[in-house]
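Inside the fold
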There are 2 protein chains.
Amino acid sequence: MQHMWLSLLSGLCLNLVFLCSAEEGLEFPNFDGKDRVMDINERNYKKALKRYDLLCLFYHEPLPANKGLQKRFQMTELVLELTAQVLENKDIGFGMVDSQKDVKVAKKLGLEEVGSLYVFKDDRVIEFDGELSADTLVEFLLDVLEDPVEMINNAMEVRAFERMEEDIRLIGYFKGEDSCYTFRDPGSEASERFQPYIKFFATFDKSVAKHLSLKMNEVNFYEPFMEEPAIVPGRPLSEIDIVEYVTQHRRATLRKLRAENMFETWEDDMDGIHIVAFAEEEDPDGYEFLEILKDVARDNTNNPELSIVWIDPDDFPLLTTYWEKTFKLDLFRPQIGVVNVTDADSVWLDMSNDEDLPTAEELEDWIEDVLSGRVNTEDDDESADEPENPDSYITEDSDEIHDLDEGDNDDNYN
Amino acid sequence: MQHMWLSLLSGLCLNLVFLCSAEEGLEFPNFDGKDRVMDINERNYKKALKRYDLLCLFYHEPLPANKGLQKRFQMTELVLELTAQVLENKDIGFGMVDSQKDVKVAKKLGLEEVGSLYVFKDDRVIEFDGELSADTLVEFLLDVLEDPVEMINNAMEVRAFERMEEDIRLIGYFKGEDSCYTFRDPGSEASERFQPYIKFFATFDKSVAKHLSLKMNEVNFYEPFMEEPAIVPGRPLSEIDIVEYVTQHRRATLRKLRAENMFETWEDDMDGIHIVAFAEEEDPDGYEFLEILKDVARDNTNNPELSIVWIDPDDFPLLTTYWEKTFKLDLFRPQIGVVNVTDADSVWLDMSNDEDLPTAEELEDWIEDVLSGRVNTEDDDESADEPENPDSYITEDSDEIHDLDEGDNDDNYN
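Residues numbered from 1 in each chain as written. Chains lettered and ligands numbered in written order. Predicted model: local features only at pLDDT ≥ 70, side-chain atom pairs only at ≥ 80, totals over all residues. Heavy atoms only, no water.

Stated precisely, the cut-off is as follows: UniProt positions are given in the numbering used here, feature names are shortened, and annotations may be inferred rather than shown by experiment.
Under an unreviewed UniProt entry, the name given to chain A is Calsequestrin, and the source organism is Astatotilapia calliptera. As stated in UniProt under Sequence similarities (unreviewed entry), the record for chain A gives "Belongs to the calsequestrin family." Recorded in UniProt under Subcellular location (unreviewed entry), the annotation for chain A is "Sarcoplasmic reticulum lumen".

Written out as structure tokens, the structure is:
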């Protein structure tokens with residue numbers, strides 16, 4: 001695809017090259033123009049699979065006729081080229097599969113979602129359905145290269161493990177290398193099946209196990225933000241036991257949106273909607289609101305109908321003003337609302353006139369109203385025709401305010 | 001500068017547009033081709049200063065003759081254009097100042113460092129000397145727009161405050177809005193002087209003050225990673241007192257490299273070198289090493305000659321393999337070494353054959369050797385000529401190993 005590059009060569013990575021010439025040690029890579037991404041077809045795909053430790057295939061629509069879309073397409077290729085260049089020494093192959101020209105190859109490889117990137121590692125396929133930027137992609141691939149099971153050997157590492165409350169984590173206690181085969185046996189272990197989205201840990205250390213209340217051959221499952229883990233039933237566990245358990249419990253009551261799988265998370269909506277909470281963890285207000293949210297999630301962890309998506313605006317600077325515009329929100333403050341994923345229609349809990357944030361109980365009442373349908377994104381559309389209606393939610397179609405719960409909790413939110 | 005764009009229009013932001021068409025709510029902006037960045041000159045700079053809440057001026061070298069450098073220059077402009085587009089509703093102006101054509105304007109505005117971005121806010125100028133990517137720049141500017149002093153009102157917000165151990169923070173206890181004038185008085189307060197690099201907080205709450213051991217009108221200064229704050233001497237404090245104190249204590253014993261001011265940090269070397277520690281906080285090993293580093297920093301907080309730069313590779317995916325190559329390191333593991341900033345020559349403590357990380361005492365001994373010059377980046381260059389020398393550091397010029405301290409601590413590092 002050399003011909004596509006001619007107008008875009010060099011300088012994708014955007015840095016102050018002008019500046020840091022006097023000092024060395026922080027040089028961002030610039031695309032060197034060398035063509036590293038393969039055009040995958042029926043003749044070369046098997047060879048490519050064999051040749052690399054990892055093979056990344058971007059499954060894409062045919063090159064569009066529209067000039068603007070073509071540029072966009074070229075930028076995507078440029079991201080892949082830069083990623084390939086940065087990871088040149090890591091034995092990773094990169095290729096493009098055209099959903100029209102290469103339909104047979106795609107079928108053989110099991111590629112399904114156009115626009116996704118598929119990573120082949122040994123006998124597994126990992127789908128990357130996140131932000132396609134070089135930053136995110138490089139970090140993702142470096143994670144895939146790491147050992148899928150991390151050892152926890154001492155008290156300090158336990159502390160590190162306990163701090164990872166945003167992640168789905170499993171940890172098992174085993175006698176030694178041999179007996180944790182379901183975690184480690186290459187080619188068949190549960191850990192590799194979910195890498196890098198779900199983190200697997202193991203310990204052989206008695207005091208670590210004691211601290212975590214783990215019995216021999218037991219595996220604990222930590223849902224994000226929960227204080228207590230669940231014990232994966234069965235002992236010893238087979239790979240299938242673990243895979244089934246994780247698959248069933250994967251959608252957390254409170255889950256953080258991450259660049260590496262943001263589109264996958266967004267597609268996993270609950271009947272067409274998401275309950276979305278914006279909170280900057282670095283901000284005192286945001287932190288406080290997040291702690292309330294965690295309380296609510298802990299209280300409702302057994303409700304399969306509830307899954308709140310927490311977005312930290314700091315993680316998505318380029319989307320912040322888009323969200324503010326789309327949802328008519330001020331994201332310098334914490335917010336919670338319901339978003340319809342088909343049209344981005346939304347309704348938000350009014351916390352604007354209040355010095356205090358809602359309590360966990362008040363938030364639970366509101367969430368109950370969302371789940372029961374009393375609060376929804378359609379009602380406010382009607383209310384635009386009924387301007388006489390006094391309410392206590394801000395909606396993105398009007399600056400009017402909706403009732404929280406037919407009067408129940410008005411005092412707390414006005 | 002419309003003409004420069006013609007070949008680069010649309011599609012800077014790199015995302016899976018192909019994919020997320022079915023669902024809405026996560027749409028990354030694409031550059032719309034509209035020209036928003038001004039060409040600043042003697043005729044328009046005063047008007048521009050008056051017109052916007054914030055004015056961002058990129059001070060740059062003249063357009064280079066070299067084609068490759070020209071593309072790079074255009075990408076920089078594109079970053080500014082996309083940033084301007086994303087922040088369109090925030091009343092921020094963007095402009096370019098040519099260090100040759102606009103030499104008079106630059107002098108009048110006090111622009112000094114070519115390649116830096118200067119942000120004009122009221123009567124202040126803030127220099128941005130970080131990674132010039134749209135992500136980093138948007139986040140930085142949103143931070144500049146926030147209130148420079150955050151209030152801490154309750155126990156939960158104190159917890160949020162206490163968690164920010166990576167940041168330089170000041171917090172003052174005041175009777176009310178009026179008496180914290182040195183923090184708040186617009187146009188003259190210390191907080192704005194350092195925004196957004198140094199965080200300022202205030203509380204009017206007695207129990208918060210008690211928890212933080214703050215007396216009325218007292219201001220505490222928190223050095224990153226230290227357990228106890230220092231009291232800024234004087235009560236009540238003038239703006240100058242605070243500015244002088246912060247300026248004097250700004251360089252922390254352990255400081256984290258951040259995208260927003262990475263080049264500034266790197267330029268602030270200690271006699272041409274940096275002690276650099278790589279540690280992934282999310283990784284158990286990395287976390288453990290970081291805790292040891294913090295202990296060392298706490299023990300040596302009064303040594304003005306010591307400032308360790310901590311780099312979390314997760315924050316800089318595009319630089320990870322560059323560092324691995326330049327420094328001959330495996331960054332899946334924690335590392336510590338000395339880097340000469342003029343040529344990126346370096347020498348690293350060998351922790352590769354050891355199951356255990358060094359203790360704080362061992363690390364302190366090594367740091368003493370660095371500060372005394374016994375460990376330095378030049379010795380290993382000579383050692384290439386003396387291959388008979390057995391040693392215990394890995395250097396980037398050879399795979400040989402250097403003595404830690406003429407035998408003192410060999411056992412711990414081999």
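Having seen the structure, we can now continue with the description.
1. Quick word on the overall build of chain A
Which entries qualify depends on this criterion: Numbering of helices and strands runs from the N terminus; a helix is a DSSP stretch of H or I covering at least four residues, while a strand is a stretch of E covering at least two. With a 1.4 Å probe rolled over the protein chains alone, any residue whose accessible area is under 20% of its type maximum counts as buried; one over 50% counts as exposed, and the rest are partly exposed. Residue contacts are defined here by distance: any two heavy atoms, one from each residue, within 4.5 Å place the two residues in contact.
A tally of helices and strands in chain A yields 16 helices and 16 strands. Within the span of chain A, comprising 414 residues, buried residues form 58% of the whole. Counting only contacts in chain A whose residues sit at least 6 apart along the sequence, the fraction spanning at least 24 positions is 71%.

2. Description of the interface of chain B and chain A
As a reminder of what qualifies: We define buried area as the total accessible area lost by two parts upon association, computed with a 1.4 Å probe and summed across both. Any carboxyl oxygen of Asp or Glu that lies within 4 Å of a side-chain nitrogen of Lys or Arg is treated as forming a salt bridge with it. Within 3.5 Å is the distance limit for a polar contact, defined as a pair of N or O atoms, with the added protein rule that one can donate a hydrogen and the other accept it, and that residues adjacent in sequence qualify only through two side-chain atoms. Only Asp, Glu, Lys and Arg are considered charged, only Ala, Val, Leu, Ile, Met, Phe, Trp, Tyr, Cys and Pro nonpolar, and every remaining residue, Gly among them, polar.
In this assembly, 94 residues from chain B lie in contact with 94 residues from chain A. Together chain B and chain A conceal approximately 8900 Å² of surface at their shared face, both sides included; 61% is due to carbon and sulfur atoms. Joining chain B to chain A, the criterion identifies eight salt bridges. The partner of Arg159(B) in a salt bridge is Glu291(A), and the shortest N-O contact between them spans 3.2 Å. Summed over the shared surface of chain B and chain A, the number is 26 residue pairs in polar contact (both at pLDDT 80 or more). Among the residues forming the side of chain B that touches chain A, the class breakdown is 46 nonpolar, 17 polar and 31 charged.

3. So, the relation of the copies chain B and chain A
For clarity, the cut-off: To line up the copies, we fit them by least squares on C-alpha atoms, keeping just the residues with pLDDT of at least 70 in both.
If you rotate chain B by 180° and push it 0.0 Å along the axis, it lands on chain A with an RMSD of 0.0 Å. Classification of the inter-copy transformation places it as that of a two-fold axis. Comparing interface residues between copies, 100% of those in chain B also sit at the interface in chain A, which points to an isologous, same-surface contact.

4. Remarks on the sheet that holds strand S8 (residues 199-203) of chain B
Residues and elements named next belong to chain B. Stated precisely, the cut-off is as follows: If DSSP finds at least two bridges between two strands, the strands pair. Axis lines are fitted to C-alpha atoms, over the contacting stretch for helices. Their N-to-C directions set the angle, which ranges from 0 to 180 degrees.
Overall, mixed pairing links the five strands, which are arranged S6-S8-S7-S9-S10 in an open sheet. Strands with a single pairing partner mark the edges of an open sheet, and in this sheet they are strand S6 (149-151) and strand S10 (230-231). Here three bridges tie S6 to S8, and the two strands are oriented parallel to one another. Bridging across to S8, valine 149 finds its partner in phenylalanine 200. Strands S6, strand S7 (169-173), S8 and strand S9 (219-222) of the sheet are contacted by helix H6 (residues 155-163), whose axis makes an angle of about 150° with S7.

5. Points about helix H14 (residues 360-371) of chain A
All names here are of chain A. Inclusion rule: A helix is expected to span 1.5 Å multiplied by its residue count minus one.
If you check H14, its first and last C-alpha atoms are 16 Å apart, about what twelve residues at 1.5 Å a residue would give, namely 16 Å. Listed in full, the buried residues belonging to H14 are Ala360, Glu362, Leu363, Trp366, Ile367, Asp369 and Val370. Once H14 finishes, glycine 373 follows within two positions and takes phi at roughly 90°, a positive value.

6. A few points about the sheet that holds strand S9 (residues 219-222) of chain A
Residues and elements named next belong to chain A. In space, the five strands of this open sheet follow the order S6-S8-S7-S9-S10, with mixed pairing throughout. Every other strand in the sheet has two partners, leaving strand S6 (149-151) and strand S10 (230-231) as the edge strands with one partner each. For S9 and S10, the ladder comprises two bridges, and the chain directions are antiparallel. Looking at S10, one finds that asparagine 220 is bridged to isoleucine 231. Relative to strand S7 (residues 169-173), helix H6 (residues 155-163) is tilted by about 150°, and along the sheet it contacts S6, S7, strand S8 (199-203) and S9.

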